[in-house]
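Working through the structure, step by step
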Amino acid sequence: MDCLFCKIINKEIPAEIIYEDEHVIAFNDISPQAPTHALIIPRKHIATLNDISAEDTEVVGHMVKTASTIAKQLGIDESGYRTVFNCNSDGGQTVYHIHLHLLGGKPMGWPPYQEKLKEDLS
Ligand code: AMP
Ligand code: ZN
């Protein structure tokens, strides 16, 4: 399958892997947006959040649990962190294999959209 993250799972493309087990792997984002920026992905190829089936809920829960485990290991659990799933184009998804972003090490901004867009929404 022509999927970047499946290639990372299969070790066809290198990545800085920071955690792996039977169901998920986690690695540092190639273009970090915070001092800590890791991606947690399932070994199973699931394209978007819209493609999660009932049988996938356990692995998705495990991705979230893994994010908190990694945050603790990296010492950002108490200072805090952001976890994000982007879905499709409005969500900003660019790689179509679901991944949970783990961002931390500095205060995060909120909301994620810009003032101009905010005005357009009102
Ligand atoms: P998203 O925009 O939510 O689909 O996130 C995709 C993320 O994958 C982006 O933050 C990219 O920087 C990251 N990314 C793309 N290619 C690689 C790669 N080869 N290794 C690690 N991270 C990558
Ligand atoms: Zn994939």
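Before reading on, note that the structure itself is shown above.
Notes on the structure in this doc start here. (Residues numbered from 1 in each chain as written. Chains lettered and ligands numbered in written order. Predicted model: local features only at pLDDT ≥ 70, side-chain atom pairs only at ≥ 80, totals over all residues. Heavy atoms only, no water.)

Moving on: the site of ligand 1. Contacts to ligand 1 come from 16 residues, most closely from Asp29, Asn86, Gly92, Thr94 and His101. Interatomic distance of 3.2 Å between a backbone N/O atom of Ile30 and a nitrogen atom of ligand 1. Within the contact set of ligand 1, an oxygen atom lies 2.8 Å away from a side-chain nitrogen or oxygen of His101. Relative to its free-state accessible area of 510 Å², ligand 1 is covered by the protein chains to the extent of 84%. In a pocket analysis with a 2 Å cut-off to the grid points, ligand 1 is assigned to the largest pocket. For the shell around ligand 1, the elements supplying multiple residues, two or more each, are helix 1 (4–9) and strand 2 (24–28). At 3 residues, the largest contribution of residues to the shell around ligand 1 is made by helix 1. For the shell around ligand 1, the class distribution of residues is 7 nonpolar, 8 polar and 1 charged. (Near = heavy atom within 4 Å. Polar contact = N/O pair within 3.5 Å; in protein donor to acceptor, adjacent residues only side chain to side chain. Areas by Shrake-Rupley, 256 points an atom, 1.4 Å probe, with all protein chains shown as cover. 1 Å grid on protein atoms, 1.4 Å probe; cavity = no way out; pocket = protein on both sides within 12 Å on 5 of 7 lines; lining within 4 Å. Sits in = over half its atoms within 2 Å of the grid points. Helix = DSSP H or I, 4+ residues; strand = E, 2+ residues; numbered from the N terminus. Nonpolar A, V, L, I, M, F, W, Y, C, P; charged D, E, K, R; others polar.)

A word on the side chain of Thr36. In this fold, Thr36 is placed in strand 3 (residues 36–42). Under the relative-accessibility criterion, Thr36 is labelled buried at 14%. Beyond its immediate stretch of four places on either side in the chain, Thr36 contacts Leu74, Ile76, Leu102, Leu103 and Gly104. (Buried < 20%, exposed > 50% of the residue type's maximum accessible area, 1.4 Å probe, protein only. Contact = heavy atoms within 4.5 Å.)

As a further point, take the packing of aromatic side chains. All chains considered together, the criterion is met by 1 aromatic pair. Relative to Phe27, the ring of Phe5 has its centre 5.4 Å away and its plane inclined at 75°; by these criteria the two rings are edge-to-face. Of this pair, Phe5 sits in helix 1 while Phe27 sits in strand 2, and the two are 22 residues apart along the sequence. Of the two residues examined, Phe5 and Phe27, each falls in the buried class. (Phe/Tyr/Trp six-rings, centres within 6.5 Å; stacked < 30°, edge-to-face > 60°.)

An ideal rise of 1.5 Å per residue puts 24 Å on 17 residues; helix 2 (residues 57–73) measures up with 24 Å between its terminal C-alpha atoms. What helix 2 keeps buried is the set Val59, Val60, Met63, Thr66, Ala67, Ile70 and Ala71. Buried positions in helix 2, seen along its axis, are confined to an arc of 135° and lie on one side of it. Across helix 2 from its buried face, at more than 90 degrees, point the exposed residues Thr57, Glu58, Lys65 and Lys72. Here the buried face of helix 2 lies against strand 1 (17–20), strand 2, strand 3, strand 4 (81–84) and strand 5 (100–104). Backbone geometry just downstream of helix 2 places Gly75 in the positive-phi region, at approximately 75°. (Expected span 1.5 Å × (residues − 1). Arc of directions from axis to C-beta.)

Under the counting rule described, the total for this entry stands at 1 cavity of 30 Å³ or more. Estimates place the volume of the largest cavity at around 30 Å³. Lining the largest cavity, in full, are Thr48, Leu49, Phe85, Asn86, Gln93, Ile98 and His99. Residues belonging to the lining of the largest cavity are distributed by class as follows: 3 nonpolar, 4 polar and no charged. (Points joined across faces, edges and corners; volume = space filled by probe spheres on them.)

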